[in-house]
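The residues making up each chain are set out below.
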Amino acid sequence: MRAPARVPYALDVSDSPLAPSLLVAMPQLTDPNFHRSVVALVEHDEEGTFGLVVNRPTSILALELCSGLDIQWRGDSESLVSSGGPCQPDTGWVLIGDVDGFDASRVDDGIYFARSLETLRRVAEHPPEEARIFLGYAGWGPGQLEEELAAGAWLVAPITKGAVFSSDPDTLWEGVIRGLGVDPATLVHTSGVH
């Protein structure tokens, strides 16, 4: 995995790496794909940005998804696939907490990313303690995310293993904001970099 890109922010804010991090949707972001979403940014460079929404479970069981791909799922029969975002919703991705035995790229400490069907097969056959399967992703073209940050659509927070593998997606958005020392009730509609 390449080193995080340095991103020049608007309004002469100093350069700062953007990925890996968490993007937390501000209240004024009304796009239903991202309302109250938390996005794990996996890649960011001059060609664009790739992330996975970590707090949007679908109603699709991992067992059903794997069965449709002729893969035997040996994990929790109630495990749900998550919606990683609106781009290419038929494409799968995996985040795992331990790379041992899996072909995956390091995102951050204890967070690894995989995109191959073979890795999904291995995760399904020998599910690690921390694993998330996603359909679709969140993507931004060159400069698009920087424009949204400058418009105040997102907060940027440190990526954490606890957030990525959270078992409670309903409280994750508020929890990440509180982790920044901010009361979610005090967030106001504003433009600018956060």
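The rules behind these values
Residues numbered from 1 in each chain as written. Predicted model: local features only at pLDDT ≥ 70, side-chain atom pairs only at ≥ 80, totals over all residues. Heavy atoms only, no water. Buried < 20%, exposed > 50% of the residue type's maximum accessible area, 1.4 Å probe, protein only. Helix = DSSP H or I, 4+ residues; strand = E, 2+ residues; numbered from the N terminus. Arc of directions from axis to C-beta. Contact = heavy atoms within 4.5 Å. Core = buried A, V, L, I, M, F, W, Y, C linked by side-chain atoms within 4.5 Å. Polar contact = N/O pair within 3.5 Å; in protein donor to acceptor, adjacent residues only side chain to side chain. Salt bridge = Lys/Arg side-chain N within 4 Å of Asp/Glu carboxyl O.

Novice: What should I look at first to understand helix α5 (residues 169–179) in this one?
Specialist: Given 3.6 residues per turn, any residue in an α-helix points the same way as the ones three and four places further on. Taken together, the buried positions of α5 are occupied by L172, W173, V176 and I177. The arc that holds the buried residues of α5, viewed along the axis, is 120°, so those residues lie on one side. Exposed positions of α5 whose direction lies more than 90 degrees from the buried face are D170 and G179. Where the residues of α5 are buried, they touch β3 (21–25), β4 (38–45), β12 (154–157) and α4 (161–164).

Novice: I tried to follow the nonpolar core on my own but got confused; where do I start?
Specialist: Proteins that are soluble and globular tend to have nonpolar side chains buried together. With 42 residues, the main nonpolar core has V39 and W154 as its most contacted residues. Considering each element in turn, this core owes the most residues, five residues, to β4. Ranked by size, the runner-up nonpolar core spans 17 residues in total, among them V81, A104, A114 and L135.

Novice: Help me understand the side chain of S82 in this model?
Specialist: One can find S82 in strand β7 (residues 80–83). For S82, the side chain forms a polar contact with the side chain of R132, separated by 2.8 Å. Leave out the neighbours within four places in its chain, and S82 touches R56, P57, T58, R132, I133, F134 and L135.

Novice: How should I be thinking about the pattern of salt bridges in this particular structure?
Specialist: For the structure on display, the rule yields six salt bridges. We note a salt bridge from E43 to R115, for which the minimum N-O separation is 3.0 Å. Of this pair, E43 sits in strand β4 while R115 sits in the loop between β10 (111–114) and α2 (117–125), and the two are 72 residues apart along the sequence. Of the charged contacts in the structure, one is a salt bridge between R178 and E174, with a shortest N-O distance of 3.0 Å. One end of the pair is R178 and the other is E174, both in helix α5 and four residues apart, which spans about a single turn.

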